[in-house]
Amino acid sequence: MTPNTALRQRDHAYSNFTEKLLARDLKPGQIVSQRELVDLTGMPLGAIREMIPRLEADGLIKTVPKRGLQVLSIDLDLVRNAFQLRDIIEGEAISEFCKTATSEEIDLLAQQHADIREQAKAGVTPEVLKAAQRTDWAFHDRIIDAMNNPIISDIHRVNAIKIRLIRNNDTRMLPDLVVPVLDEHLAIFEALKARDCAAAVQAIHSHIDSAKRRALGI
């Protein structure tokens, strides 16, 4: 096997693992063996062994001596730490986006949110719920990627997995949250349209704080 093939298999194994994790095929805190991960991901044992240090570095698993590999557990510390990191990164990201994004992109993103909000007001079907969740995640990913900083994008990517695990556990976008969450986003867009960067930062901090409060049950 060439080094490039091994690298691709490792990356594929990592991607399969995170997909299974977010799909809840793996439970937070669950103990698994390397052989079980082979069966779960469909990847060879060598790729699993190559993947494990990366997962450990990202904080998604840890090795428990004589027991196996433990999937990231969801607790109060994780919620607080993940949302604090999100607050720091996205506050800077939205400030930069406010300065550099074109008016056309801001208008397009705002209209996408407004359209889904209008659909949600008429009734939150499973399709509307999925569209709202995709739009929510895509917006946050977009403002991070717009910074053109691969280091920050990588940190965000891993933290987003943890946030989504927390959401799956406690704070996924439920039907009655669709309109309020979209309203929080639309408040950000109003500030962006006005190029009021301080207001945009405040709006995204408020949005993240609302999500953290839901996760903490406040």
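All residue numbers refer to position in the chain's written sequence, counted from 1. Owing to the predicted nature of the model, reporting of local features is limited to residues with pLDDT of at least 70; listing and counting of side-chain atom pairs is limited to 80 or more, with chain, interface and lining totals taken over all residues. Think of the side-chain values as coming from all heavy atoms in the structure, minus any hydrogens and water.

**Q** Is there a simple way to explain the packing of helix α4 (residues 76-100) against helix α6 (residues 126-145) in this structure?
**A** Describing two packed helices takes the angle between their axes plus the distance from one axis to the other. Two elements in contact, α4 and α6, have axes whose closest approach is 8 Å; the angle formed by their N-to-C orientations is 70°. Regarding the angle of α4 to α6, the classification is roughly perpendicular. Across from R86, I89, E90, A93, I94 and F97 in α4, the residues of α6 making contact are F139, H140, R142, I143 and I144. Within the contact of α4 with α6, the residues separate by chemical class into 7 nonpolar, 1 polar and 3 charged. In this analysis an axis means a line fitted to C-alpha atoms, helices contributing only their contacting stretch, and an angle means the value between N-to-C directions, from 0 to 180 degrees. Helical segments are the DSSP runs of H or I of at least four residues, strand segments are the runs of E of at least two, and each set is numbered from the N terminus. The scheme is simple: roughly parallel for angles under 35 degrees, roughly antiparallel for over 145, roughly perpendicular for 65 to 115, oblique for anything else. Whether two residues are in contact is decided by their heavy atoms, any of which lying within 4.5 Å being enough. For this scheme, ten residues count as nonpolar: Ala, Val, Leu, Ile, Met, Phe, Trp, Tyr, Cys and Pro. Four count as charged, namely Asp, Glu, Lys and Arg, and the remainder, Gly too, count as polar.

**Q** Please explain the sheet that holds strand β2 (residues 61-64) as it appears in this structure.
**A** Two pairing modes exist for strands in a sheet, parallel and antiparallel, and in both the strands are linked by backbone hydrogen bonds. Strands were regarded as paired on the criterion that DSSP finds at least two bridges between them. In spatial order, the strands read β1-β3-β2; together these 3 strands make up an open sheet with antiparallel pairing. Each of the sheet's edge strands pairs with one partner strand only, and the pair in question is β1 (31-32) and β2. With 4 bridges connecting them, β2 and strand β3 (residues 68-71) associate as antiparallel partners. Bridge pairing links T63 to L69 in β3. On top of the sheet, helix α3 (residues 45-57) reaches β2 and β3; it is set at about 110° to β2, its chief contact.

**Q** So what exactly am I meant to see when it comes to a nonpolar patch on the surface here?
**A** For patch detection, residues must exceed 30% relative accessible area and be free of salt bridges, and they are connected within 9 Å for like charges or within 5 Å for nonpolar side chains (Val, Leu, Ile, Met, Phe, Trp, Tyr). Using a 1.4 Å probe, accessible areas were evaluated by the Shrake-Rupley method; residue-level cover was limited to the displayed protein chains. Think of a salt bridge as a Lys or Arg side-chain nitrogen and an Asp or Glu carboxyl oxygen that are within 4 Å of each other. Together, L85, I151 and I155 make up an exposed nonpolar region whose accessible area comes to about 260 Å². Along the polypeptide, I151 turns up in helix α7 (residues 150-171). By relative accessible area, I151 is classed as exposed at 61%. Only protein chains enter the calculation, and the probe is 1.4 Å; a residue is then buried if its accessible area is under 20% of its type maximum, exposed if over 50%, and partly exposed in between.

**Q** Even after reading the chapter, I still don't get the nonpolar core, so can you show me in this structure?
**A** Side chains that are nonpolar tend, in soluble globular proteins, to be buried together. Only buried Ala, Val, Leu, Ile, Met, Phe, Trp, Tyr and Cys residues count toward a nonpolar core, and they belong to the same one when joined by side-chain atoms within 4.5 Å. Membership of the largest hydrophobic core comes to 54 residues, with the highest contact counts inside it found for F17, I94 and L192. Of all hydrophobic cores here, the second largest spans 8 residues; its members include I116, A120, A131 and V178.

**Q** Help me understand helix α5 (residues 103-122) in this model?
**A** Since the α-helix packs 3.6 residues into each turn, any two residues three or four apart lie on the same face. Along its 20 residues, α5 runs 29 Å from first to last C-alpha, staying within 8% of the 28 Å computed at 1.5 Å per residue. Here the buried face of α5 lies against α4, α6 and α8 (178-193). At the exit of α5 stands G123, carrying a positive phi of roughly 150°. Each residue after the first adds 1.5 Å to the expected span of a helix.

Any functional reading would require information beyond the geometric quantities listed.
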